[in-house]
Amino acid sequence: MIVAGIGCRKGATAEEVEAAIAAALKQTGCAGEELVLMATSDGKGDEPGIIAAAAARGLRLVLVRPAELEASGARTQSSSPRVMALAGVPSVAEAAALFAGGPKSELIAPRIAVGPVTCALVRTEALP
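It should be emphasised that the depicted structure is a prediction, and the values quoted were computed from it without experimental measurement. (Residues numbered from 1 in each chain as written. Predicted model: local features only at pLDDT ≥ 70, side-chain atom pairs only at ≥ 80, totals over all residues. Heavy atoms only, no water.)

### Considering the overall build of the chain
Looking only at helices and strands, the chain features five helices and five strands. Taking 128 residues into account, the globule formula puts the C-alpha radius of gyration at 14 Å, and the chain, at 12 Å, falls close to it. With respect to the principal axes defined by its C-alpha atoms, the chain has extents near 30 × 30 × 25 Å. The buried share of the chain, taken over its 128 residues, is 48%. Long-range contacts, defined as pairs at least 24 residues apart, comprise 63% of the intrachain contacts of the chain with a sequence gap of at least 6. Side-chain charges of the chain comprise 12 positive and 13 negative groups, with the mean position of each set lying 3 Å from the other. (Helix = DSSP H or I, 4+ residues; strand = E, 2+ residues; numbered from the N terminus. Rg over C-alpha atoms; globule rule 2.2 N^0.38 Å. Buried < 20%, exposed > 50% of the residue type's maximum accessible area, 1.4 Å probe, protein only. Contact = heavy atoms within 4.5 Å. Lys, Arg positive; Asp, Glu negative; His and termini not counted. Charge placed at Lys NZ, Arg CZ, Asp CG, Glu CD.)

Following this line, the structure appears as structure tokens:
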């Protein structure tokens, strides 16, 4: 099972979110059918583009609180000084995916940026 973590600038469209997910899936060679969940910061929970992209794929969207992002932040691989200053974690996309995937989840695609959206993928055997 694959979890996609999403970070974005305000106003990112569903098409832009989908482009980032597609790029991450292509990079890993994973099939879209393996994607079972999307996750993002609870601060992005009202972004129409994220909500619409999750709905279009039929995925549940998990909103990760700041403390939960911080708890998973140590497991991230990439870092953005801008995101660190704004969110307190090196990568919202990676931290959100790692938290939603559970403690045994494995980062298989560190965050990639496509326009205003970042996407990271984790593999998990069971969702918490």
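### Describing the pairing of strand 4 (residues 106–114)
The sheet contact formed by strand 4 and strand 5 (residues 117–123) spans six bridges and is antiparallel. Within strand 5, the position partnered with V114 by the bridge is V117. Hairpin connection between strand 4 and strand 5: a loop of two residues separates the two successive antiparallel strands, and G115 in this loop has a positive phi of roughly 60°. (Pairing = 2+ DSSP bridges.)

### A few points about the pairing of strand 3 (residues 60–64)
Each regular strand displays side chains that alternate between the two surfaces of the sheet. Here strand 2 (residues 35–41) runs beside strand 3; their pairing, made up of five bridges, is parallel. Each residue of the ladder has a partner; that of A39, found in strand 3, is V62. Note that the unit made of strand 2, helix 2 (residues 48–57) and strand 3 has a crossover that is right-handed. (Right-handed = clockwise from strand over helix to strand, strands pointing away.)

### Examining the pattern of salt bridges
Close approach of charged atoms lets side chains of opposite charge pair. Counted under the stated rule, the structure contains three salt bridges. R65 serves as the salt-bridge partner of E68, at 2.8 Å between the closest nitrogen and oxygen. (Salt bridge = Lys/Arg side-chain N within 4 Å of Asp/Glu carboxyl O.)

### Focus: the side chain of E47
Residue position: E47 is located in the loop between strand 2 and helix 2. We note that E47 is buried and unpaired, the nearest opposite charge coming from K10 at a distance of 4.4 Å. A distance of 3.0 Å separates a polar side-chain atom of E47 from the backbone nitrogen of G11. The contacts of E47, once residues within four sequence positions are left out, are C8, R9, K10, G11 and A12. (Polar contact = N/O pair within 3.5 Å; in protein donor to acceptor, adjacent residues only side chain to side chain.)

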